[in-house]
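Secondary and tertiary structure notes
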Amino acid sequence: MESSSIPSLIQEWLASLTVKVWIRNHRNHQFRLIYENGRDTSLFSLPKAPMKKTGKYTIHQNNGNRFISFFYPNDCEILIWASQDAYVDITERLEQLYTFFYLIYQQEVIRTKDAELEHLIEGISAISSLDEKDCLEAIINSAINVIPSADAGFLQLFDYDSECLTVKASIGFNHSIKEFKIRVKEAITGIVFHDGKPRIFQTKEETFDEMDHYHISKANFDILMSASDGHAIKAMLCTPVTIGQKRIGVLAVHQFYQNGKLISRDLELLKVFADQAAIAIQNAQLYDELKIRLNEVTMLSQQLKEKNKFLLKRDNVHRLLTSLSLQNKGPASIISALRRMLDTPVFYINFIEDEYIPNVKGRSRPFSVEEISLIFSERREPVFIDVFDIYQEHFYLYPITDGTVFLGCLIVKVEGELSKIAQTTVEQGGTILSLEAVKEQTLTDVYYKKIHEYFSKLLQNEDPELLVLKGKEFGLNLSSYFCVALAEIPACSDLRMLEAIVHQFISTIKKNLKNRDMLIFGLNNKVTILAPFESPVELKAFTEEISTIIEERRHQDVLGVSIGVGNAYTGVELIKKSYHEAVKALSYLTTRNETGVIQYKQIGINRFFLHQSPEEVKDFSDEILGPLMDKEEINSELEKTLFSYIIMNRSASKTAKKLHIHPNTLYKRLKKIEETLGLALDNHEDFLKIQLAFHLRGNF
C-alpha cells in the first residue's frame, strides 16, 4: 500500500470509508494498490483486462464485488472498491472523487516521467564506451531499458559496400538476425532511413501492413520471423540514427509479450536516445580510427597528441561560446570572447540588426558594410582579403548564414597563416552567432505580433481608454499627432530570406529614427510604421528622413522598397484615416511599378483613379487621343504639337517657339487636331478631357 501517494485532502475524505484504491497505466496493465482503509479483509480478484473507456468513469461488478473505474489521459485508470456501506456515499460524489483522483493521476504522470528520465540518463551513461562493439551492444540494451514496454530490438547501420542496412547489435532476437539486410526504402527500417521520419506501430496488423507496403523481400521476412523465435510482433518503434545532417542507421524496438502499450511519448524518448547514441557511435568510431593509426604508425604519436589538444581546445571553445549563448550574453560578449581566444582584433557585422560590433567608427572599421555586402553578394564561402592602407593588413572574412540567408560577417585580422584551431574557433563562433541571430528573429517575430494586434485595435478604436493605457506600454502618447507609413518589400520566393530582409529593413529604420517613440512591425512583405509628431508640419521632415534612409542603404537588400505615407492627425479615431491614406499612396507607387517614398497629398488628382483598372484608364485615354496615335508621321507630329500646346498653357507664341515653327503653322496644326479629335480646344470641357487623357497616359 502506498498511502503516501494519496494527497492528504483525499485521505481525509476517505478516512471514514471502507475502500481500496488501485492504479494502472499504459506502462503496466497490472493494478498497483495505493490505498486501503477499513476492517473489511475480504479477498477478491480484480478485473484482468482494462475496462473499456466509455466516459470519465464506469461502475461494474466482478465476482459480486462493486468497482468504480476512473479514466484519465494516457490510458491511466484508477480503480476503487467500496464496501456496501461506503458504496452509496461514493456513488453520490463521483464527480468530486474524479477531480480528487486527478491529483493521483498527476502524481503518476510525474512518477512515470521521473522514471523515464532516470532510465534515459542511465542509458546515455551506459553507451559511453569508446569501443565500437561494446558501444553498439550497450546502445540496444539501453534502448530496451529506456522503453520499458519493449522487450526486443536491433540497431542497423548503413553499409556503403553492400548499400544495405545491416544489424550491428540486437536483443530479444536469435543469431540469425545478423542476416537481416535491408535495402534503402525496403520495409520499415529502410523507409525510415530514407526519409528520416520516426514511426510508431501499435498493433501487429499495422506493423505487417507497413512492411508489406514497402515491399519487404520474402527472404528478409523469413529471416525476421526466424530470428524472433516465433514470437509475433505486437508493436514497434523505429527512428533514424543521425550524425549532423547525415543518417547512419536506424534504431528499432519491438514488443513481443510485454504488458503495457507503446505510445508517442516512447517514440520521443527513443528519438532523444538515438541522438545520443549517434554521438556515442561517432565517438567510438573516431576512437577506433585513432587506435588503428596508433597501431600502424607509432611515429604519429606526437601528432595525435596535438590532435587531442586541438579537440580539447575545440571543446573548450564550444563550451565557452555555448555558455555565453545560453546565458543570453549577446553577440558583443561572444565577439569579446573570440578576441581573447584568437588574440587578434575581431569584428562582427550583424546585417539583420544593422550592428557593427564593436561599435567603432570611420577608419577604425577594416571594412564598411557596403564592402562586405559587395564581397558576399554572390558567394557564401569564407575568404581572405588583403587591405592596403598605410600598412598591408590581412583579414579572414567568415559569412554568417542561415541556409541561403546572409545574416552577417565575422572579420578576423590575421598574421600569416590562420591555424586550424583558430579557423575552427571562428567557425564555431559563426555557428553560435547564427543561432543568436535566429533566436533574436524569433523573439522579434513574437514582439511584432503583439504590436500588430495592438495596431489592429487602434484602427478599430473600440475602447479608447484601454488603448491609451496600452499605448503607454509601447511608449506612445496617443494625444500626439500621428501618421501611418506603409512599406512594401518586393516578394521573395524564399520566405526565410524575405523574413530576414523585413527584419533588416525595420532595424535600419529604428536605428536611424531612434529619437522617435514609434510603433513599427512587419507582416509578410509589408512594414507598418505609426510615427508620432508634436506638430503636423513635422510630417515633411519625417518623409525626407525615410527617403534618405532608403537611398543611403541601397547597398543592402532594401532595393525596390515602396513606401506610402498618410497625413498627420491627432486623435486615435483618425489613425485609421491616415492608415487608409498610406494604403492608397502605396497602391499609387506599386501600380506604376515605382519605388521610393510618397505622401498621400503628393498623389494629387491621381487619388481619384487609384481604384480604376489599368484597362479602363487606357480605354479612356485611347478614346480621346486614339486618332492621333496611329503610325502615320503626320499624326505623330500632331500629337507632339498638342502635348507642347498643353505644356505651354495654350500659349501660341511659346508653343511655336518651343517647336521652332511659325505661329501660322501652329494654328493650322491645331485646326487639324480639332478636326481629327472632333474636339474644340477653346471649349473648356473638351480641353479638360484632352489634358486628363495626356495626364493618365503619363501616370498610369
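No experiment lies behind these values; they were computed from the predicted model shown. (Residues numbered from 1 in each chain as written. Predicted model: local features only at pLDDT ≥ 70, side-chain atom pairs only at ≥ 80, totals over all residues. Heavy atoms only, no water.)

Considerations on the sheet that holds strand 10 (residues 235-243)
As a reminder of what qualifies: At least two bridges found by DSSP between two strands is the condition for calling them paired. Per the convention used, a helix needs a DSSP run of H or I reaching at least four residues, while a strand needs a run of E reaching at least two, with both numbered from the N terminus. Note on method: axes are straight lines fitted to C-alpha atoms, helices fitted across the in-contact stretch only, with angles between N-to-C directions ranging 0 to 180 degrees.
One open sheet accounts for 6 strands, arranged 8-7-6-11-10-9; its pairing is antiparallel. Looking along the sheet, the strands with just one partner apiece sit at the ends: strand 8 (181-183) and strand 9 (199-201). Each neighbouring strand pair of the sheet contributes to a mean axis angle of 25°, computed without reference to strand direction. As judged from the 9 bridges shared by strand 10 and strand 11 (residues 246-255), these two strands associate in the antiparallel manner. Bridge assignment links Met236 to a residue of strand 11, and that residue is His254.

Concerning the packing of aromatic side chains
Aromatic rings in a pair are described by how distant their centres are and how their planes are angled relative to each other. How we decide: Here the aromatic set is Phe, Tyr and Trp, taking the six-membered ring for Trp, and pairing holds for ring centres within 6.5 Å; pairs whose planes are under 30 degrees apart are stacked, those over 60 apart are edge-to-face, and all others are tilted. Charge-over-ring contacts are defined here by two conditions on Lys NZ or Arg CZ: a distance within 6 Å of the ring centre and an angle within 35 degrees of the ring normal.
Following the criterion strictly, the structure yields 21 aromatic pairs and no others. Following the ring pairs from residue to residue traces out a cluster consisting of Tyr57, Phe70, Tyr72, Tyr98, Phe101 and Tyr102. We note Arg66 situated over the ring of Tyr87; from NZ or CZ to the ring centre the distance is 4.6 Å. The ring of Phe347 carries the charged tip of Arg339 above its face, separated from the ring centre by 5.1 Å.

Considering the packing of helix 20 (residues 652-659) against helix 21 (residues 663-677)
Rule in force here: The labels follow the angle: roughly parallel below 35 degrees, roughly antiparallel above 145, roughly perpendicular from 65 to 115, and oblique for the rest. Contacts between residues were defined by any pair of non-hydrogen atoms, one from each residue, lying within 4.5 Å. Under the grouping applied here, Gly and all other residues not named as nonpolar or charged are polar, the nonpolar ones being Ala, Val, Leu, Ile, Met, Phe, Trp, Tyr, Cys and Pro and the charged ones Asp, Glu, Lys and Arg.
One can describe the packing of helix 20 onto helix 21 by two numbers: an axis separation of 9 Å at closest approach and a directional angle of 100°. When the axes of helix 20 and helix 21 are compared, the pair comes out roughly perpendicular. For the pair helix 20 and helix 21, contact is made by Ala652, Thr655, Ala656 and Leu659 and by Pro663, Leu666, Tyr667 and Arg669, respectively. Of the residues in the contact of helix 20 with helix 21, the class split is 6 nonpolar, 1 polar and 1 charged.

Some details on empty space enclosed by the protein
To be explicit about the condition: Here a cavity denotes grid points, spaced 1 Å and computed from the protein atoms alone, that fit a 1.4 Å probe unable to get out, and a pocket denotes an open set having protein on both sides within 12 Å along at least 5 of 7 lines; residues with an atom within 4 Å of a point are the lining. Grid points are joined across faces, edges and corners, and a volume is the space filled by probe spheres set on the points.
Taken as a whole and assessed by the stated rule, the structure comprises 2 cavities of 30 Å³ or more. Estimated volume of the largest cavity: approximately 60 Å³. As for the largest cavity, its lining consists of Phe154, Phe180, Ala187, Ile188, Thr189, Met211, Leu224, Met236 and His254. The leading source of residues in the lining of the largest cavity is helix 5 (residues 187-195), at 3 residues. For the lining of the largest cavity, the per-class residue count stands at 7 nonpolar, 2 polar and no charged. There is about 30 Å³ of room inside the second largest cavity. Lining the second largest cavity are Asn350, Ile352, Glu353, Ala437, Glu440 and Gln441. Among the elements that line the lining of the second largest cavity, the one with the most residues is helix 12 (residues 420-460), at 3 residues. When the residues that make up the lining of the second largest cavity are grouped by side-chain class, the tally is 2 nonpolar, 2 polar and 2 charged.

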